[in-house]
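# Coordinate analysis (summary)
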Amino acid sequence: MRSFSFTQLFISTFIATVLPCTTALAQLTPDQAKQDVRVLTSALKALHPALTKYKSQTEINLAFAAFETRGSAAKTPAEMYLAATALAAGIQCGHTWTNVLNQQRDARAALLDAANKLPFTLSQVENRWLVLASADLQVKAGDEVLALGGVPTQQIAARMMPYLRADGSSDGKRLRQLNHDRFDFSQMDIVWPLLVPPQGGAHAVMLKRDGRDVSATVHAITLDARKKAFAAQGIVEATDAWTFRIDAARSAGILRMPTFSFWRSKFDWKNFLLETFAELHAKRVQNLIIDIRDNEGGDGAIGGEVLRYLLTTPFQFVSDQSTTAYERVPYPVVKYLDTWDYSFFDRTGQVEKIASGPQAGLFSVKARAKQTQTIVPATQIFSGKTLVLIGPENSSATFQFAKLVKESRAATLVGEPTGGNLRGLNGGQLLWVTLPNSGVAVDIPLLAGAYEASTPDAGISPDLIVESTFEAKKARRDLVMEAAWKSIAGTAK
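Calculation rules
- Residues numbered from 1 in each chain as written.
- Predicted model: local features only at pLDDT ≥ 70, side-chain atom pairs only at ≥ 80, totals over all residues.
- Heavy atoms only, no water.
- Helix = DSSP H or I, 4+ residues; strand = E, 2+ residues; numbered from the N terminus.
- Rg over C-alpha atoms; globule rule 2.2 N^0.38 Å.
- Buried < 20%, exposed > 50% of the residue type's maximum accessible area, 1.4 Å probe, protein only.
- Contact = heavy atoms within 4.5 Å.
- Lys, Arg positive; Asp, Glu negative; His and termini not counted.
- Charge placed at Lys NZ, Arg CZ, Asp CG, Glu CD.
- Salt bridge = Lys/Arg side-chain N within 4 Å of Asp/Glu carboxyl O.
- Axes fitted to C-alpha atoms, helices over the stretch in contact; angles between N-to-C directions.
- Parallel < 35°, antiparallel > 145°, perpendicular 65-115°, else oblique.
- Left-handed = near helix turned anticlockwise from the far one by under 90°.
- Nonpolar A, V, L, I, M, F, W, Y, C, P; charged D, E, K, R; others polar.
- pLDDT = per-residue confidence, 0-100.
- Core = buried A, V, L, I, M, F, W, Y, C linked by side-chain atoms within 4.5 Å.

Turning our attention to the overall build of the chain. Across its full length, the chain holds 16 helices and 21 strands. Relative to its length of 493 residues, the chain is compact, with a C-alpha radius of gyration of 23 Å against a globular reference of 23 Å. A burial count over the chain gives 54% of its 493 residues as buried. Of the contacts formed within the chain by residues at least 6 apart in sequence, a portion of 75% connects residues at least 24 apart. Positive and negative charge centroids in the chain, built from 53 and 47 side chains respectively, lie 1 Å apart.

Structure follows, in structure tokens:
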């Protein structure tokens, strides 16, 4: 087995070094809260290229009005964070969000370092909640959670949905953010303790264990303390390492790629792929399973490089992430913005107004519009059977990869529908606005994909759909991988 590990932060380390010098206040006056509301409202309305991609103008106006009411009443950074998170999520854009790692330092510490977390981790499947691991003896791995803080678990997802990010109707992506078995933070550690804070430093929990109900009151904990408790139990954190191994008995290679984000990394992913496919060829392996289910995205070039080894003929596709909301960033909001490339702020002479269609009134960046790209097969391709395992986490570069796999028929997609959206992703260029008083920061994508009014609001559906179940998760069965092995064996129905 070969592997390389790189912690997926994707620009967050860079962001932490260049955020505007803002000190998050412990308490906000009404005037300070209203100023923060004005800054975020102005920035989103001036800069976001897809406010009405999934919502009507009336619905967007109502979302801003609700934020003005809620944000103006915020007395703490945490309350402003919740208000801004709800507004960002309401736009239904997976790249518009209050990334906890991008918050101004004091605000970020309040979210990450507070001793208000659950002392156990969870996975939500079929709207049931399974305990994965626990730092409290009253709760055991394998327990089913029936209620948290007096809230029945059937209601938790609905309570959390207004704060979860995804493109359009991709609710699977939203629900994934509630789980702890992912590489990004679970929103049950960030948003839930703000909505249902521990009482007297403790969380009330109702469990089902061995067919009987068990109630407990568990001490709230910090993320660091929970991590140390798990380490003491010998629980090893999941890694986002790329791995490759060959199952000789089944003549199959298994390539696991949990991330496409290698910013500031020395990992040579191109060479890793070159060596992987060379080994497949040398050992005459007949089947290949590529597992990207835990991979949200990162560098889109990686997916294109993988496809080079799977295609038999050149494959062309059109890329059109060219829609923008502005020609020049309005001066009043500039001082609250930051990014890695300040040329994003001025598009003078680079854009033209869109005259018709669902994006009428916005601008098209001429150099980025309707770009035809060609993926040319590698010198040595893999000619065996390839299965790509996908799921709702795939919502950025891995959504695009799954889309190209399906369009090119280079492999069979197995698993659950992806996140992302066929109407095109918002991204490519990004800035973040930091509110001057609360220190709350919101990522704003500056480019949107072009689409038609008839374009479905949907992710990529796999060729072979495999639905997860609570009982399989409890038994630690991987139904998607099982389906892949059945397909290889020729026994898939």
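Picking up after the structure, the text goes on.
Scanning the entire structure with this criterion turns up 25 salt bridges. Two residues, glutamate 296 and lysine 173, come together in a salt bridge whose shortest N-O distance is 2.7 Å. You can see glutamate 296 sitting in the loop between strand S10 (287-291) and helix H12 (300-308) and its partner lysine 173 sitting in helix H7 (residues 171-176), a full 123 residues away along the chain. Given a relative accessible area of 2%, lysine 173 falls into the buried group. One salt bridge connects arginine 328 with aspartate 346, and the closest N-O pair in it is separated by 3.8 Å.

Turning to the packing of H12 against helix H14 (residues 397-408), a few remarks are in order. At a closest axis distance of 8 Å, the pairing of H12 and H14 adopts a crossing angle of 25 degrees. It follows that H12 is roughly parallel to H14 by the angle criterion. With respect to the hand of their crossing, H12 and H14 are arranged in right-handed fashion. Note on element contacts: H14 touches H12 through Ala397, Phe401, Leu404, Val405 and Ser408, opposite Gly300, Gly303, Val306 and Leu307. Classifying every residue of the contact of H12 with H14 gives 6 nonpolar, 3 polar and no charged.

To continue, consider the environment of threonine 29. On the secondary structure map, threonine 29 appears in the loop between helix H1 (12-18) and helix H2 (30-47). The exposure class assigned to threonine 29 is partly exposed, which follows from its relative accessible area of 38%. Expressed as a C-alpha distance, the spacing of threonine 29 and threonine 76, which sit 47 residues apart in the sequence, is 8.9 Å.

Overall, the predicted model of the chain reaches an average pLDDT of 94, with 94% of residues at or above 70. Note that residues 1-21 has pLDDT below 50 and, in this model, 65 contacts with residues that lie over four places away or in other chains.

Counting residues in each nonpolar core, the largest one holds 44 residues, and the members touching the most others are Leu40, Leu47, Phe67, Met80, Leu337 and Val433. The set of elements that each furnish at least two residues to this core consists of H2, helix H3 (57-72), helix H4 (77-90), helix H5 (105-112), strand S19 (426-434) and strand S20 (441-449). Per-element tally for this core: the top contributor is H2, with 7 residues. Setting aside residues no more than four positions away along its own chain, leucine 40 makes contact with Phe67, Ala84, Leu87, Val433, Leu435 and Val442. Of all hydrophobic cores here, the second largest spans 40 residues; its members include Met257, Leu273, Leu288 and Ala402.

Bringing the packing of H2 against H3 into the picture now. Closest axis-to-axis distance for the H2/H3 pair is 8 Å, and the angle between their directions is 155 degrees. With respect to H3, the element H2 is oriented roughly antiparallel. Read as a crossing pair, H2 and H3 show a hand that is right-handed. Contact with H2, carried on its side by Pro30, Ala33, Lys34, Val37, Leu40, Thr41, Leu44 and Lys45, involves Phe64, Phe67, Glu68, Gly71 and Ser72 of H3 and no other residues of that element. Looking at the contact of H2 with H3 residue by residue, the classes come out as 7 nonpolar, 3 polar and 3 charged.

Before going further, it helps to spend a moment on unusual backbone geometry. In the Ramachandran plot, glutamine 92 falls in the positive-phi region, its phi being about 60 degrees despite a non-glycine side chain. Residue glutamine 92 is classed as buried on the basis of its relative accessible area, which comes to 17%. Look at lysine 370: it is not a glycine, yet its phi comes out positive at around 45 degrees. Within the secondary structure layout, lysine 370 lies in the loop between strand S15 (363-365) and strand S16 (371-375). Look at lysine 370 and you get exposed, because its relative accessible area is 68%.

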